[in-house]
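Summary of structural features
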Amino acid sequence: MKSAIQLWLGAITSLALGATAASYAEPASAQAAYGSYVGVGGSVGFGEGTNASGAVAFRYRILELPISFRTQLLVGSGVAIVPTVSYDIPLNWQTEAYIGAGVSFTGGDETPVGDSTAFVLQPGIDYALPSSKLMVFGNAIIAFDGYEDGGSGVSVQGGVGLQF
């Protein structure tokens, strides 16, 4: 039968070895558990008259940096292509907010973001559905001087994407 001293020495040794092993472990860091995706949804513009269209969203995430390349294709009575570069902010394991900047190209057609080429800001949020490759996305596009006669175009997009 082991003495009390032997039990105490065994317990202290175990704790010391555990603490030493833990000190060599890599620190944990949180990052969103998803990356690039392509998705479809809808868009509604709130500039000069309400204008609705379909939306195709593309996101390519640079895994080592909190940066993504994004493109929105808004297709309705006119077509707008809106490429942006975004700074991504993980909120938790499934949710990420972002702010992007870029340009809207409309070709002179009436779109949810206006009818002329313009500088844009794009705030948004992505949510990864747990245990799947599906994403839910939502964002706004603010196109400064998006209309030929002046005035900003503002649109809101939302939809579902498939991660790759």
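Read on for a plain summary of the structure. (Residues numbered from 1 in each chain as written. Predicted model: local features only at pLDDT ≥ 70, side-chain atom pairs only at ≥ 80, totals over all residues. Heavy atoms only, no water.)

Helix and strand counts for the protein stand at 1 helix and 8 strands. The helix and strand sequence of the protein, counted from the amino end, reads α-β-β-β-β-β-β-β-β. Long-range pairs, those at least 24 residues apart, make up 49% of the contacts in the protein between residues at least 6 apart in sequence. Of the accessible surface of the protein, which amounts to about 9,100 Å², a share of 69% is contributed by carbon and sulfur atoms. (Helix = DSSP H or I, 4+ residues; strand = E, 2+ residues; numbered from the N terminus. Contact = heavy atoms within 4.5 Å. Areas by Shrake-Rupley, 256 points an atom, 1.4 Å probe, with all protein chains shown as cover.)

What follows is about the environment of T111. By the secondary structure assignment, T111 is in the loop between β5 (95–104) and β6 (118–128). Taking the relative accessible area as the measure of exposure, T111 reaches 0% and is therefore buried. Residues T111 and V79, spaced 32 residues apart in sequence, show a C-alpha to C-alpha distance of 6.3 Å. Other than its neighbours up to four places away in sequence, T111 contacts N51, G78, V79, A80, T106 and Y147. (Buried < 20%, exposed > 50% of the residue type's maximum accessible area, 1.4 Å probe, protein only.)

A few words on the environment of S77. Of note, S77 is situated in the loop between β3 (67–75) and β4 (79–90). Setting aside chain neighbours within four positions, we find S77 in contact with N51 and E110. At 3.3 Å, the side chain of S77 forms a polar contact with the backbone oxygen of E110. (Polar contact = N/O pair within 3.5 Å; in protein donor to acceptor, adjacent residues only side chain to side chain.)

The next point concerns a negative patch on the surface. On the surface, E48, D109, E110, E148 and D149 cluster together to form a negatively charged patch. Checked against the element boundaries, E48 lands in the loop between β1 (37–45) and β2 (51–62). Owing to a relative accessible area of 42%, E48 belongs among the partly exposed residues under this scheme. (Patch = residues over 30% accessible without salt bridge, like charges linked within 9 Å, V, L, I, M, F, W, Y side chains within 5 Å. Salt bridge = Lys/Arg side-chain N within 4 Å of Asp/Glu carboxyl O. Lys, Arg positive; Asp, Glu negative; His and termini not counted. Charge placed at Lys NZ, Arg CZ, Asp CG, Glu CD.)

On to the nonpolar core. Across soluble globular proteins, you tend to see nonpolar side chains buried next to one another. Of all hydrophobic cores here, the largest spans 9 residues; its members are A55, L74, A80, V82, V113, A118, V120, I141 and A143. Counting only elements with at least two residues in this core, the list comes to β4, β6 and β7 (134–144). Setting aside chain neighbours within four positions, we find I141 in contact with Q72, V82, V113, V120, L121, Q122, G153, V154, S155 and Q157. Ranked by size, the runner-up nonpolar core spans 5 residues in total, among them Y37, A57, A128 and F137. (Core = buried A, V, L, I, M, F, W, Y, C linked by side-chain atoms within 4.5 Å.)

Take the side chain of T106 next. Position of T106 relative to the elements: it lies in the loop between β5 and β6. Look at T106 and you get buried, because its relative accessible area is 3%. Within polar-contact distance, the side chain of T106 engages the backbone oxygen of D115 at 3.2 Å.

Strand direction decides the pairing type here: β3 and β4, joined by 9 bridges, are antiparallel. Residue pairing in the sheet places Q72 in a bridge with V82 of β4. Counting the residues in the hairpin turn of β3 and β4 gives 3 residues. Here 7 bridges tie β4 to β5, and the two strands are oriented antiparallel to one another. Within β5, the residue paired with T84 across the bridge is G102. Linkage of β4 to β5, two consecutive antiparallel strands, is achieved through a turn of 4 residues. (Pairing = 2+ DSSP bridges.)

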